[in-house]
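An overview of the molecular structure
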Amino acid sequence: MSGSSGEQSKIALVTGGGTGVGRAIAKGLGTAGYKLVISGRRAEILEKAAAELASETGAEVTAIRADVGDPLSVRALFDAIENRYGRLDLLVNNAGVSAPGISLEDVSFEDWSAVVSANLTGAFLCTQQAFRLMKGQMPRGGRIINNGSVSATTPRPNSAPYTATKHAITGLTKSAALDGREFDIACGQIDIGNAASDMTKRMATGVLQANGTTAVEETIDPKHIADAVVYMAGLPLSANVLTMTVMATKMPFVGRG
């Protein structure tokens, strides 16, 4: 981990840290010397990931089941972190879901609500609790990194719920960066393009493009996302990466549509 040796004991929470990009981020942070807390909704998967991450990185890893869309569950998660460690240095708001890729008018209210709850409300509730903890701890402050998406800038076809929440994450990031700076809380966003995971498997067989065609898309190893997050997290609180895009070079984003 960059910086002083004191950073070796920093505490990081990665929501959705048991699978996919979240697990890769947790592994990167654990390797960099952070003590890890990973959260998710599926206890069995979470516990398995925690054991594997501890073995792979040598880090102390705690798994806490939580539903980020539930304010009581989020409060319990942060209370557990405060009780165990007394502080939180880094929150990575990674948990999220997508909705079926169907026409906007056919999206059910249930699917819309599920995406908003996980992607936006969850990030807000976790940010809210992180502010509460980071303002009061000594030394004061910390860092929050939100998982945006290239969809925070440019949508895919038939993605209104996901795209709306990711655009909103940009607003949350900027508001948290503004409201947090007085209290030494830095907030930034990483916009990810086609990191290889269960969510992007379909890209190997072709996905709908804005011009109505179907095309195979390039993906990248999630380790590159983890490396970027570790860099962002390692900056002193006097410096902040507000937004960063890490994407497959050949994916159809620049010039999309």
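Attention in this report is confined to the structure presented alongside it. The structure presented is a predicted model; accordingly, all values stated were derived computationally and were not measured.

Concerning the packing of helix 1 (residues 20–31) against helix 6 (residues 222–234)
- Their axes nearest at 8 Å, the elements helix 1 and helix 6 cross at an angle of 50°. Taken together, the axes of helix 1 and helix 6 are oblique relative to one another. Note on packing geometry: the crossing formed by helix 1 with helix 6 is right-handed. The segment helix 1 lies against helix 6, with Val-21, Ala-24, Ile-25, Gly-28 and Leu-29 engaging Pro-222, Ile-225, Ala-226, Val-229, Val-230 and Ala-233.
- In terms of residue class, the contact of helix 1 with helix 6 is made up of 10 nonpolar, 1 polar and no charged.

Remarks on the side chain of Asn-93
- Structurally, the position occupied by Asn-93 is in strand 4 (residues 90–93).
- A polar side-chain atom of Asn-93 sits 2.9 Å from a polar atom in the side chain of Asn-146.
- In this structure Asn-93 touches Thr-15, Gly-122, Ala-123, Cys-126, Thr-127, Ile-144, Ile-145, Asn-146 and Asn-147, once residues within four positions along its chain are discounted.

Focus on the pattern of salt bridges
- The full count for this structure, using the stated rule, is 13 salt bridges.
- The salt bridge partner of Arg-75 is Asp-79, with a shortest N-O separation of 3.1 Å. Residue Arg-75 and its partner Asp-79 are located together in helix 3 (residues 71–85), separated by 4 residues, close to a single helical turn.
- Given the relative accessible area of 26%, Asp-79 is considered partly exposed.
- Notably, a salt bridge pairs Asp-89 with Arg-87, separated by 2.9 Å at the nearest N-O pair.
- Among the residues examined, Arg-87 registers a relative accessible area of 16% and is labelled buried.
- A network of salt bridges, in which partner residues are shared, links Arg-23, Lys-27, Lys-48, Glu-52 and Glu-56.

Quick notes on empty space enclosed by the protein
- All chains considered together, the criterion is met by 2 cavities of 30 Å³ or more.
- As a volume, the largest cavity reaches approximately 60 Å³.
- Taken together, Thr-15, Val-68, Asn-93, Asn-94, Ala-95, Ala-118, Asn-119, Gly-122, Ala-123, Asn-147, Lys-166 and Ile-169 make up the lining of the largest cavity.
- Where the lining of the largest cavity is concerned, the elements lending two or more residues are helix 4 (109–136) and helix 5 (160–180).
- Take the lining of the largest cavity: its biggest share by element is 4 residues, from helix 4.
- For the lining of the largest cavity, the residue count by class is 5 nonpolar, 6 polar and 1 charged.

So, how was this worked out
- Residues numbered from 1 in each chain as written.
- Predicted model: local features only at pLDDT ≥ 70, side-chain atom pairs only at ≥ 80, totals over all residues.
- Heavy atoms only, no water.
- Axes fitted to C-alpha atoms, helices over the stretch in contact; angles between N-to-C directions.
- Helix = DSSP H or I, 4+ residues; strand = E, 2+ residues; numbered from the N terminus.
- Parallel < 35°, antiparallel > 145°, perpendicular 65-115°, else oblique.
- Left-handed = near helix turned anticlockwise from the far one by under 90°.
- Contact = heavy atoms within 4.5 Å.
- Nonpolar A, V, L, I, M, F, W, Y, C, P; charged D, E, K, R; others polar.
- Polar contact = N/O pair within 3.5 Å; in protein donor to acceptor, adjacent residues only side chain to side chain.
- Salt bridge = Lys/Arg side-chain N within 4 Å of Asp/Glu carboxyl O.
- Buried < 20%, exposed > 50% of the residue type's maximum accessible area, 1.4 Å probe, protein only.
- 1 Å grid on protein atoms, 1.4 Å probe; cavity = no way out; pocket = protein on both sides within 12 Å on 5 of 7 lines; lining within 4 Å.
- Points joined across faces, edges and corners; volume = space filled by probe spheres on them.

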